[in-house]
Amino acid sequence: MTLAVSPVCIELSGADAGTASVYRCLLALPALVLLVVPEYRREGPPPRRQLVYGLVGGVLFAGDMLLWTRAITEVGAGLSTVLVNVQVVLVPLLAWAVDREHVPRRFLLWLPVLGAGVVLTGGLFERGASGSDPAAGTLHAILAALSYSGFLFLLRRGGFHGHVRTTYTAVVLAATLASALGGWAWHAFDPTPSRTALGWLALAALTSGIIGWLMVAVYSPRLPSHVGAVLLLLTPVGALALGALVLGERPTLAQWAGCALILVSAYATVTGRRDAPPLRSAPRDR
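What counts, and at which threshold
Residues numbered from 1 in each chain as written. Predicted model: local features only at pLDDT ≥ 70, side-chain atom pairs only at ≥ 80, totals over all residues. Heavy atoms only, no water. Helix = DSSP H or I, 4+ residues; strand = E, 2+ residues; numbered from the N terminus. Buried < 20%, exposed > 50% of the residue type's maximum accessible area, 1.4 Å probe, protein only. Contact = heavy atoms within 4.5 Å. Phe/Tyr/Trp six-rings, centres within 6.5 Å; stacked < 30°, edge-to-face > 60°. Axes fitted to C-alpha atoms, helices over the stretch in contact; angles between N-to-C directions. Parallel < 35°, antiparallel > 145°, perpendicular 65-115°, else oblique. Expected span 1.5 Å × (residues − 1). Bend = angle between axes of the 7 residues up to and from the residue.

Student: What is the right way to look at the overall build of the chain in this model?
Tutor: A tally of helices and strands in the chain yields 14 helices and 0 strands. In the chain, the succession of α and β elements from N to C terminus is α-α-α-α-α-α-α-α-α-α-α-α-α-α. A total of 286 residues make up the chain; the buried ones form 50% of that total. The contacts of the chain with a sequence gap of at least 6 include a subset with a gap of at least 24, amounting to 90%.

The structure is reproduced here in structure tokens:
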């Protein structure tokens, strides 16, 4: 739910994709470095493989931020939101393929309802492919979904063996640099945004960069992958509600119905009897 604050802050900042992506990461780095110091003294330097997870995950996170923002203007907010949230399927599939993690029947049974909730919440039926370039927008949204899923998988996997804060700081550092390069290439990066924009981006850095994603990095390794993926669908639900409260947006009845489907499906998916042994705490690296 903390992550849901970030889209509202970025909207209020008026910053373009590259600028928002760079500064929401860059402004979080000083606080993250302070959090790393006691962990480094306690646990020492992380293994090289773990740092690689962080650096690659950061590049994928930057790709997700840039591609998804680009897709919104090209294909519309509805379809881009729907496509990027296929992570609810891709992340458990990655965990199954790489770590041989069991995917429970309860999740598979509720998956169509989750999908329907995402489609309705995205407002797809109200807006459709309303952007400037639907073909390019669909491609960019699919690439954003793949980047987002890879980022979530590596963020979770990098936390299995300790050094979580150090690995996550590597994620944010890599995302800062990759966002700057991608924003510059797409002519969507302003190195000197206004004070007002910086203020809103600092709030986005606090809510998502310092609190939200760090909590995901710390606690997602303690959950089955499908549970983490489902709970992250609460982010667009929260963003929709905050958009209505703060920005004066007016979600349709279908969008509220989609939120309700996501909430019910999330509750049904992550509670109740387990039908498989819990995931081992640390899968072997290959």
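Student: Please explain the packing of aromatic side chains as it appears in this structure.
Tutor: What describes a pair of aromatic rings is the distance from one ring centre to the other and the angle between the planes of the rings. Here the structure, examined in full by the defined rule, presents 4 aromatic pairs. Centre to centre, the rings of phenylalanine 61 and phenylalanine 151 are 4.4 Å apart; their planes meet at 15°, and the pair counts as stacked. Separated by 90 residues along the polypeptide, phenylalanine 61 in helix α4 (residues 48-75) and phenylalanine 151 in helix α9 (residues 134-157) bring together distant segments of the chain. Between phenylalanine 151 and tryptophan 213, the ring centres sit 5.1 Å apart and the planes meet at 75°, which makes this aromatic pair edge-to-face. Taken together, the residues span a long stretch of sequence, with phenylalanine 151 in helix α9 and tryptophan 213 in helix α11 (residues 195-219) at a distance of 62 residues. A relative accessible area of 1% means that phenylalanine 151 is categorised as buried. An aromatic cluster is built from Phe61, Tyr148, Phe151 and Trp213, whose rings are joined through pairwise contacts.

Student: Before we go on, may I ask you to explain the packing of helix α1 (residues 5-13) against α11 in this structure?
Tutor: To describe two helices that pack against each other, one gives the angle between their axes and the distance between the axes. In the contact formed by α1 and α11, the axes pass within 8 Å of each other and the chain directions differ by 170°. Taken together, α1 and α11 sit at an angle that is classed as roughly antiparallel. Along the contact surface, α1 presents Val5, Ser6, Cys9, Ile10, Leu12 and Ser13, while α11 presents Ala197, Trp200, Leu201, Leu203, Ala204, Thr207 and Ser208.

Student: Where do I start with helix α3 (residues 29-43) in this structure?
Tutor: Residues three or four positions apart in an α-helix share a direction because the helix packs 3.6 residues into each turn. Between its terminal C-alpha atoms α3 stretches 20 Å, which fits the 21 Å expected from 15 residues at 1.5 Å a residue. The largest bend along α3 measures about 25° and falls at valine 36, with the proline proline 38 one to four residues further on. Here α3 has its buried residues at Leu29, Leu32, Val36 and Glu39. Of the surrounding secondary structure, the elements contacted by the buried residues of α3 are α2 (17-26), α10 (164-185) and α11. Positive phi shows up at glycine 44, right after α3, with a value of about 80°.

By themselves these figures say nothing about function.
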